[in-house]
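Fold and contact review
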Amino acid sequence: MTLMNDAGFAAKTPSLTARETPASDSTSTSALFTSAPTSALRKLAGALMMGGLTVGGLTLGAAQVHAADTLKIGISAEPYPPFTYTSASGEWTGFEVELAEAICDAMQRECEITPTGWSGIIPSLKAGRIDMIMNSMTITKAREKVIDFSIPYYNSPGAYVAAKDLELEIPDGLDGKILGTQAATTHANFARRALRSTGVDVRLYDQQEQVNSDLLSGRVDVILADEIAMSALVKRDEASNFEIKATTPQHEAYGIGAGVGVRKEDGALKEALDGAIHQVYADGTCTALSNKYFDTDVCLG
């Protein structure tokens with residue numbers, strides 16, 4: 001069955017069965033960050049906040065902090081390794097999950113990971129089912145019309161992955177090839193804007209792992225996704241015959257980097273996030289996590 005999506009491409013029904021995760025389901029919490037102070041320290045923190053609390057170089061008043069509230073961090077319910085995925089114990093982990101924990105520590109806030117279907121993650125934020133999005137969401141002009149963002153915390157171009165024995169000149173060599181990419185992403189937007197004239201057949205998928213699977217099984221010739229995630233993919237044993245062929249050039253579809261998405265009315269949270277991101281830059285936490293997961297520093301601080 002072939003469907004048309006809002007990017008204007010024929011969306012291929014994935015070869016794997018997609019897990020349906022209602023956008024309204026905010027109860028499937030898989031991990032809990034307990035970075036808030038203990039009850040004794042909460043009382044002390046409350047007294048200190050009467051005169052203002054300094055977080056990451058920013059002074060926040062008591063009305064802005066709401067330290068007793070738990071922040072729900074929205075991530076895609078569809079794993080996106082090595083950024084977000086479930087461990088053998090069933091808990092969510094990855095670069096962005098650990099970085100989110102560090103950011104919550106810096107804000108002295110209690111947070112919980114709340115998996116949400118990617119296609120409904122912005123509506124879930126606007127409806128209040130989650131408080132922020134931290135899932136490699138690129139800051140673009142289109143998204144900034146509906147939500148606000150923290151300062152960017154990392155940036156990575158798109159990458160084309162194909163079989164090592166496939167001679168592929170990009171973009172001219174894409175003519176007649178089948179390219180897979182995840183729908184509702186900056187990569188899909190880039191393909192719509194920059195690759196339409198190449199003659200490539202673009203197939204859109206709900207989940208990145210479905211794109212990867214169809215590449216490895218030969219159902220698509222090449223895929224386009226985040227360079228960091230693709231660097232991890234080609235290191236897998238089952239992907240030993242595949243390689244990154246090229247990366248995407250600078251393009252408006254890719255915005256200015258990934259930021260934490262928040263509601264437009266949550267200015268105090270945005271300021272606190274900006275301060276906390278600066279803090280995890282300054283104390284080396286972001287770089288350490290980046291090196292742990294990617295063997296390189298992708299942090300923008």
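Before any of the text, the structure's been laid out above.
All of the points below concern the structure found in this document. Bear in mind that the values here come from a model prediction, so they are computed numbers and not experimental data. (Residues numbered from 1 in each chain as written. Predicted model: local features only at pLDDT ≥ 70, side-chain atom pairs only at ≥ 80, totals over all residues. Heavy atoms only, no water.)

1. What to know about the sheet that holds strand 12 (residues 158–163)
Strand order in the open sheet formed by 5 strands is 14-13-15-12-16, with mixed pairing between adjacent strands. The outermost strands of the open sheet, each flanked by one partner alone, are strand 14 (201–205) and strand 16 (242–247). Across the sheet, the axes of successive neighbouring strands diverge by a mean angle of 30°, strand direction being ignored. One ladder, built from 5 bridges, connects strand 13 (residues 178–182) with strand 14; its direction is parallel. (Pairing = 2+ DSSP bridges. Helix = DSSP H or I, 4+ residues; strand = E, 2+ residues; numbered from the N terminus. Axes fitted to C-alpha atoms, helices over the stretch in contact; angles between N-to-C directions.)

2. Considering the nonpolar core
Counting 53 residues, the largest nonpolar core has I73, F95, L99, I103 and Y153 as the members making the most contacts within it. No other element matches helix 3 (residues 95–107), which puts 9 residues into this core. Core analysis: the second largest hydrophobic core is formed by 17 residues, Y160, A183, A188 and L195 among them. (Core = buried A, V, L, I, M, F, W, Y, C linked by side-chain atoms within 4.5 Å. Buried < 20%, exposed > 50% of the residue type's maximum accessible area, 1.4 Å probe, protein only.)

3. Regarding the pairing of strand 9 (residues 110–116)
Summarising burial for strand 9: 7 of the 7 residues are buried, a large majority. Residues E110, E112, T114 and T116 line one face of strand 9 and the alternating positions C111, I113 and P115 line the opposite face, and both faces are buried. Pairing geometry for strand 6 (residues 70–76) and strand 9, over 7 bridges, is parallel. Residue pairing across strands places I75 opposite P115, the latter belonging to strand 9.

4. Re helix 7 (residues 208–216)
Looking at helix 7, one finds that the buried residues are Q208, Q210, V211, N212, D214 and L215. Positive phi appears at G218, one or two residues downstream of helix 7, with a value of about 85°.

5. A closer look at the side chain of N212
Its place among the elements puts N212 in helix 7. A distance of 3.1 Å separates polar atoms of two side chains, one belonging to N212 and the other to E209. Apart from the residues within four sequence positions on either side, N212 is in contact with I223, M230, L233 and R236. (Polar contact = N/O pair within 3.5 Å; in protein donor to acceptor, adjacent residues only side chain to side chain. Contact = heavy atoms within 4.5 Å.)

6. Side note on the state of the cysteines
Throughout the structure, instances matching the rule amount to 2 disulfides. For C104, the disulfide goes to C111, at an S-S distance of 2.0 Å. Judged by the sign of its S-S torsion, about -100°, the bond between C104 and C111 is left-handed. In this pair, the class of C104 matches that of C111, namely buried. Bridging C286 to C299, the disulfide has an S-S length of 2.0 Å. One quick way to see it: the torsion about the S-S bond of C286 and C299 is about -95°, and its sign makes the bridge left-handed. One end of the pair, C286, is in helix 10 (residues 285–294); the other, C299, is in the segment after helix 10, with 13 residues separating them in the sequence. Both residues of the pair, C286 and C299, count as buried. Here the cysteine-cysteine linkages of the protein chain are recorded as 1-2, 3-4, numbering only bonded cysteines and doing so in sequence order. (Disulfide = S-S within 2.5 Å.)

Fair warning: the whole summary comes from geometry, so function is off the table for now.
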